[in-house]
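# Understanding the architecture of this molecule
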Amino acid sequence: MSIPVIAAGDIFPDTTRIDRGHLVVGGCDMADLAARYGTPLYVFDEASILARARGYRDALARSYPGASIVCYASKAYSAPWILSLLADEGVGLDVVSAGELFVGAKVDFPRERIYFHGNNKGEDELRLALAERVGRIVVDNLDEVRLLARLAVERGVRPAVLLRVSPSVDAHTHAHLTTGNLDTKFGLGIESGAAAEGVGAILQEPALDLRGYHAHIGSQIHEIEPYEAEVERLFAFAKEMREERGVALREISPGGGFGVRYTTEDPAVKAADMIGRVGAVVAAAAKKFGFDRLPEVSIEPGRSMVANTAIALYRVGSVKRIPGGRTYVAVDGGMADNIRPTAYGAKYSAVLAGRVDDTRTTDVAIAGKYCETGDILIQHIELPLPRVGELIAVPTAGAYHLSMASNYNMALRPAVVVVANGRSRLVRRRETFEDLLAPEIAGEAVKA
Ligand SMILES: *Cc1c(COP(=O)(O)O)cnc(C)c1O
């Protein structure tokens with residue numbers, strides 16, 4: 001794999017530049033940040049995050065004439081600083097647990113813009129959602145309908161709900177529709193009749209206000225065809241429910257899943273363009289199915305909102321040449337801060353942060369430091385042969401790294417800094433050994 005193109009908003013953050021061979025983001029030299037804060041370090045570019053939020057909002061507003069909202073799926077990466085930033089941009093928030101809702105509430109994220117998802121929301125989680133008066137609860141199944149209705153009656157509220165449906169669209173096969181993924185743990189199937197049953201169940205509960213339907217067909221989707229198929233099925237279902245049960249469609253969500261580029265081998269599709277196209281697809285479907293009063297549209301980018309706004313910075317600790325094998329460049333992080341290569345075989349690019357422009361490259365593997373053979377961040381990459389002590393920068397590190405990070409091998413989770421205009425701000429300190437043991441207690445033996 002060749003050295004990735006360092007182009008604005010592509011694989012690297014928008015403000016990335018090279019200054020005398022050094023990688024600079026947000027006006028900050030990675031070498032200076034590593035010296036100040038240590039490694040592994042996650043560096044987020046504030047300008048890129050703002051550009052994504054505004055770009056997606058504008059793309060949807062331009063392509064869809066009705067009301068619309070862009071909700072950030074915070075499971076990609078949740079922290080107070082980023083939710084505050086996005087709240088100010090008029091973005092909504094998807095949460096999938098009481099913990100994610102807690103972070104939103106902590107920064108006083110406008111509750112009417114919070115959407116609560118999940119296929120098995122606990123009673124405690126639904127109670128919290130009602131207490132916080134979140135804007136929408138996206139109901140997944142019949143058990144949840146009954147539970148939520150009971151809790152709403154108890155509290156004397158009437159929450160706005162969307163029903164999560166499964167449209168049986170295979171997002172990973174180009175334009176290929178299959179009934180195969182009727183078999184999913186998420187939502188109620190349209191094709192099987194379960195979704196219609198769900199609508200019936202909600203209508204029987206006066207405590208629930210059914211506003212419309214939601215679907216989410218997968219992640220890292222680079223083609224428009226799966227969205228076209230999904231939206232078609234959502235509207236066909238909405239029309240059926242309008243005709244058979246008199247349900248007015250006030251809101252619809254085709255979910256998130258917009259793809260990003262991790263390496264130059266990934267398609268060069270921009271999420272903003274895809275979002276614009278999805279907006280147009282929804283507008284066309286509303287017209288086709290006779291919904292003259294356009295429903296509000298919400299879309300839910302997680303990965304594409306943050307992935308290429310951040311860089312993971314590691315220091316090289318050893319360079320091991322295996323005769324007849326590869327050269328292993330071992331860094332001071334790995335699967336504890338980025339599980340994606342180990343879990344999904346995800347591919348990444350990287351540069352030497354202090355010699356980005358060095359063209360004498362060789363094939364190496366970037367190995368993590370944790371005790372698993374599978375802890376390899378990058379299996380093959382062309383880099384100038386790294387020396388011990390040099391910095392490796394891995395871009396596209398903003399989504400599903402820190403939110404999936406662990407303390408495996410009693411690793412300390414990394415520090416996080418936000419850069420903008422030549423200044424850096426520490427928003428999360430590196431964990432300490434004391435943090436590791438904070439929840440451990442002696443405990444007292446009690447009966448059963
Ligand atoms: C995870 C998730 C998303 C975001 O998916 P990305 O691939 O990160 O864009 C959106 N909506 C729902 C309901 C999700 O569970």
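Note that the coordinates shown come from a computational prediction; the quantities given were computed from them, not determined experimentally. (Residues numbered from 1 in each chain as written. Predicted model: local features only at pLDDT ≥ 70, side-chain atom pairs only at ≥ 80, totals over all residues. Heavy atoms only, no water.)

### Observations regarding the overall build of the chain
To keep things clear, this is the line we draw: Comment: elements are numbered from the N terminus, with helices defined as DSSP H or I runs of at least four residues and strands as E runs of at least two. Just to be clear, the radius of gyration here is over C-alpha atoms, and the globule rule we use is 2.2 Å times residues to the power 0.38. Areas reported here follow the Shrake-Rupley algorithm with a probe of radius 1.4 Å; residue values treat only the protein chains shown as occluding.
When helices and strands are counted, the chain shows twelve helices and 21 strands. In summary, the chain has a C-alpha radius of gyration of 23 Å against a globular reference of 22 Å for 448 residues, a match within 12%. Taking the principal axes of the C-alpha coordinates as reference, the chain spans close to 70 × 60 × 45 Å. Accessible area for the chain stands at about 19000 Å²; split by element, carbon and sulfur atoms hold 50% of it.

### Concerning the domain arrangement of the chain
Short version of the rule: All domain edges in this entry derive from an automatic or database-based domain assignment. In what follows, residue pairs with any heavy atoms lying within 4.5 Å of each other are defined as contacts. Should a side-chain nitrogen of Lys or Arg be within 4 Å of a carboxyl oxygen of Asp or Glu, the pair is scored as a salt bridge. Polar here means any residue other than Ala, Val, Leu, Ile, Met, Phe, Trp, Tyr, Cys and Pro, which are nonpolar, and Asp, Glu, Lys and Arg, which are charged; Gly is therefore polar.
Taken domain by domain, the chain consists of domain 1 (2–38 + 308–437) and domain 2 (47–305). For domain 1 versus domain 2, the distance between C-alpha centres works out to 33 Å. Every contact between the two is made by 24 residues of domain 1 and, on the other side, 18 residues of domain 2. Where domain 1 packs against domain 2, one counts two salt bridges. Taken together, the residues that form the side of domain 1 that touches domain 2 break down as eleven nonpolar, nine polar and four charged.

### Notes on the sheet that holds strand β2 (residues 22–25)
Sheet strands associate in pairs through backbone hydrogen bonding, adopting either a parallel or an antiparallel arrangement. Spelled out, the test is: One bridge is not enough; two strands pair if DSSP finds at least two bridges between them.
Judged by pairing direction, the sheet is antiparallel, and its three strands sit side by side in the order β1-β2-β3 without closing on themselves. Every interior strand has two partners, whereas the edge strands, β1 (17–19) and β3 (28–29), have only one. When β2 meets β3, the two strands line up antiparallel, connected through two bridges. Looking at β3, one finds that Val24 is bridged to Asp29.

### A word on the packing of aromatic side chains
For the record, the criterion: Here the aromatic set is Phe, Tyr and Trp, taking the six-membered ring for Trp, and pairing holds for ring centres within 6.5 Å; pairs whose planes are under 30 degrees apart are stacked, those over 60 apart are edge-to-face, and all others are tilted. Buried, partly exposed and exposed residues are distinguished by accessible area as a fraction of the type maximum, computed with a 1.4 Å probe on protein chains only: under 20%, between the cut-offs, and over 50%, respectively.
This structure, assessed with the given rule, holds eight aromatic pairs. Here the aromatic rings of Phe235 and Phe289 are separated by 6.5 Å at their centres, their planes lie at 15 degrees, and the arrangement is stacked. Here Phe289 lies in the loop between α9 (271–288) and β13 (296–299) and Phe235 lies in helix α8 (residues 225–245), a separation of 54 residues in the sequence. For Phe235, a relative accessible area of 1% gives the class buried. Judged by relative accessible area, Phe289 falls into the buried class, the value being 12%. Aromatic pair Tyr262 and Tyr348: ring centres 5.2 Å apart, planes at 80 degrees, arrangement edge-to-face.

### Remarks on the packing of helix α2 (residues 46–63) against helix α3 (residues 80–88)
The line we're drawing: Lines fitted to C-alpha atoms define the axes, with helix axes restricted to the stretch in contact, and inter-axis angles between N-to-C directions lie between 0 and 180 degrees. Any angle that falls under 35 degrees is termed roughly parallel, while one over 145 is termed roughly antiparallel, one within 65 to 115 roughly perpendicular, and all others oblique. It is the rotation of the near helix from the far one that decides the hand of a crossing: anticlockwise by less than a right angle makes it left-handed, clockwise makes it right-handed.
Taken N-terminus to C-terminus, the directions of α2 and α3 make an angle of 45 degrees; their axes are 10 Å apart at the nearest point. In terms of orientation, α2 and α3 fall into the oblique class. When you trace α2 past α3, the crossing you get is right-handed. Between α2 and α3, the contacting residues are Glu46, Ile49, Leu50 and Ala53 on the first element and Trp81, Ile82, Leu85 and Leu86 on the second.

### Notes on the pattern of salt bridges
Once the charged atoms of two side chains with opposite charge are near each other, the side chains can pair. Considering all chains together, one arrives at 30 salt bridges under this definition. Salt-bridge contacts for Arg111 lead to Glu132; the nearest nitrogen and oxygen are separated by 2.7 Å. Residue Arg111 is found in the loop between α4 (98–106) and β7 (114–116), and its partner Glu132 is found in the loop between α5 (123–131) and β8 (136–139); the two are separated by 21 residues along the sequence. Residue class for Arg111 comes out buried when judged on its relative accessible area of 17%.

### Quick look at the site of the ligand
Inclusion rule: Any residue with a heavy atom positioned within 4 Å of a molecule or strand is treated as near that molecule or strand. Polar contact is the term for a pair of N or O atoms within 3.5 Å; when the atoms are in protein, one must be able to donate a hydrogen and the other to accept it, and sequence-neighboring residues count only if both atoms are side-chain atoms.
If you check the shell around the ligand, you find 15 residues, and the closest are Lys75, Ser219, Glu300, Arg303 and Tyr400. In this structure, Ser219 approaches the ligand through a side-chain N or O atom, which is 2.3 Å from an oxygen atom. Take Gly302: an N or O atom from its main chain is 2.9 Å from an oxygen atom of the ligand. Relative to its free-state accessible area of 390 Å², the ligand is covered by the protein chains to the extent of 94%. Considered class by class, the residues forming the shell around the ligand number three nonpolar, seven polar and five charged.

### Topic: the pairing of strand β21 (residues 423–428)
Strand direction decides the pairing type here: strand β20 (residues 415–420) and β21, joined by five bridges, are antiparallel. Paired with Val416 across the bridge in β21 is Arg428. Two successive antiparallel strands, β20 and β21, enclose a turn made up of two residues, where Asn421 displays a positive phi of approximately 55 degrees.

### Some details on the environment of Ile252
By secondary structure assignment, the location of Ile252 is in strand β12 (residues 251–255). In sequence terms Ile252 and Arg326 are 74 residues apart; their C-alpha atoms lie 51 Å from each other. Setting aside residues up to four positions removed in sequence, Ile252 forms contacts with Tyr213, Leu234, Phe235, Val282, Pro295, Glu296, Val297 and Ser298.

### Some points on the side chain of Asn338
Tracing the chain through its elements places Asn338 in the loop between β15 (327–331) and α11 (340–344). A distance of 3.1 Å separates a polar side-chain atom of Asn338 from the backbone nitrogen of Arg340. With sequence-adjacent residues up to four places away left out, Asn338 is seen in contact with Tyr42, Tyr314, Tyr348, Leu377 and His401.

### What about the packing of α5 against helix α6 (residues 142–155)?
Relative to each other, α5 and α6 sit at 45 degrees, their axes nearing to 10 Å. If you check the angle between α5 and α6, you find them oblique. When the axes of α5 and α6 are compared, the crossing they make is right-handed. Within the contact between the two elements, α5 uses Glu123, Leu126, Arg127, Leu130 and Ala131 and α6 uses Glu144, Leu147, Leu148, Arg150, Leu151, Ala152, Glu154 and Arg155. Of the residues that constitute the contact of α5 with α6, the class distribution is seven nonpolar, no polar and six charged.

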